[in-house]
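# Topology and contacts: notes
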Amino acid sequence: MFWLLFLLMACAAAFLSCARLCLAAVHAAESEPAGGGTHELTLYEAAFLSGGPYRVVDLTLVSMARSRRLLLAHTGWATVVDPVGGDDIERSVIGAIGPDGQSRIGAVRRATAAADAVRALADRLVAAGLAVPDGARSGVAGAVRQVRAAALAVVTLAGTALLMPGQAPGDGVLIAAWFVLPLALTLACLAIARFEVHPYTRWASPTGQRLIGALPRAVRATGEAGLLTAVAVHGVRAVPDAALRSAFGTAQRGH
């Protein structure tokens, strides 16, 4: 009957991990203030809700490059052409490049993503109920990982219990049947989380996701406005200029 110790360990791991996920999901749901449904997104806000701080930086770099205020080389270097930024985020990009006027794109992306201007943008979106707070997002993601680890632990403990010597004939079926219970709990919890908790693991809250989903239909602009909207929602892959895309590809490979 020593296998009962392994069963207790499996049940404890399954129960505690699933309880943590439930609490994290409740906290994420409570962190979204009411309202925000009539908010009109700016390009920066759409970029943050779609891809986080780095998407905001990529949008800014693409906008400045296409207006010939920055030169983004396919080798992964950014060069300042016009040192005057049009807003706080553009000024953060220029400041991240430095006084020499040239820097690696990867370094510029990292520095600007952590700049005060981008953090202020994130705080405004969280306050409006459109973005998920850092604690809620990381809490849910960590809880999901813990449930997955608990499911793996249940399988491992079950295998160990089945391989223990000195078992009577027919004990294997009984042991396997008992271990199915904590395994079913973890798998069911993951399945529910896939549909109910998954929205909170992204940058945008459910309200923010609805606004992002409506943005491509609401914005019918062509030309530069349409391109920048596509970059905000879909990332650099929406840029038609292959040379410009390769500059970001080089930077990300280096990072």
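Residues numbered from 1 in each chain as written. Predicted model: local features only at pLDDT ≥ 70, side-chain atom pairs only at ≥ 80, totals over all residues. Heavy atoms only, no water.

A word on a nonpolar patch on the surface. Taken together, F2, L5 and M9 make up a surface patch of nonpolar side chains, about 300 Å² in accessible area. Classification of L5 by relative accessible area gives partly exposed; the value is 42%. (Patch = residues over 30% accessible without salt bridge, like charges linked within 9 Å, V, L, I, M, F, W, Y side chains within 5 Å. Areas by Shrake-Rupley, 256 points an atom, 1.4 Å probe, with all protein chains shown as cover. Salt bridge = Lys/Arg side-chain N within 4 Å of Asp/Glu carboxyl O. Buried < 20%, exposed > 50% of the residue type's maximum accessible area, 1.4 Å probe, protein only.)

Let us look at the packing of aromatic side chains. Applying the stated rule across the entire model yields 1 aromatic pair. Residues F48 and W203 carry aromatic rings whose centres are separated by 5.5 Å and whose planes lie at 65° to one another, so their mutual orientation is edge-to-face. In this pair, F48 is assigned in helix α2 (residues 43–51) and W203 in the loop between α8 (171–196) and α9 (206–218), connecting sequence segments 155 residues apart. On the basis of relative accessibility, which here comes to 27%, the residue W203 falls in the partly exposed class. (Phe/Tyr/Trp six-rings, centres within 6.5 Å; stacked < 30°, edge-to-face > 60°. Helix = DSSP H or I, 4+ residues; strand = E, 2+ residues; numbered from the N terminus.)

Tracing the sequence through the fold places T60 in helix α3 (residues 53–66). In this view, T60 contacts Y44, I89, E90 and V93; residues no more than four positions away in its chain are not counted. (Contact = heavy atoms within 4.5 Å.)

Nothing here speaks to function; it is geometry throughout.
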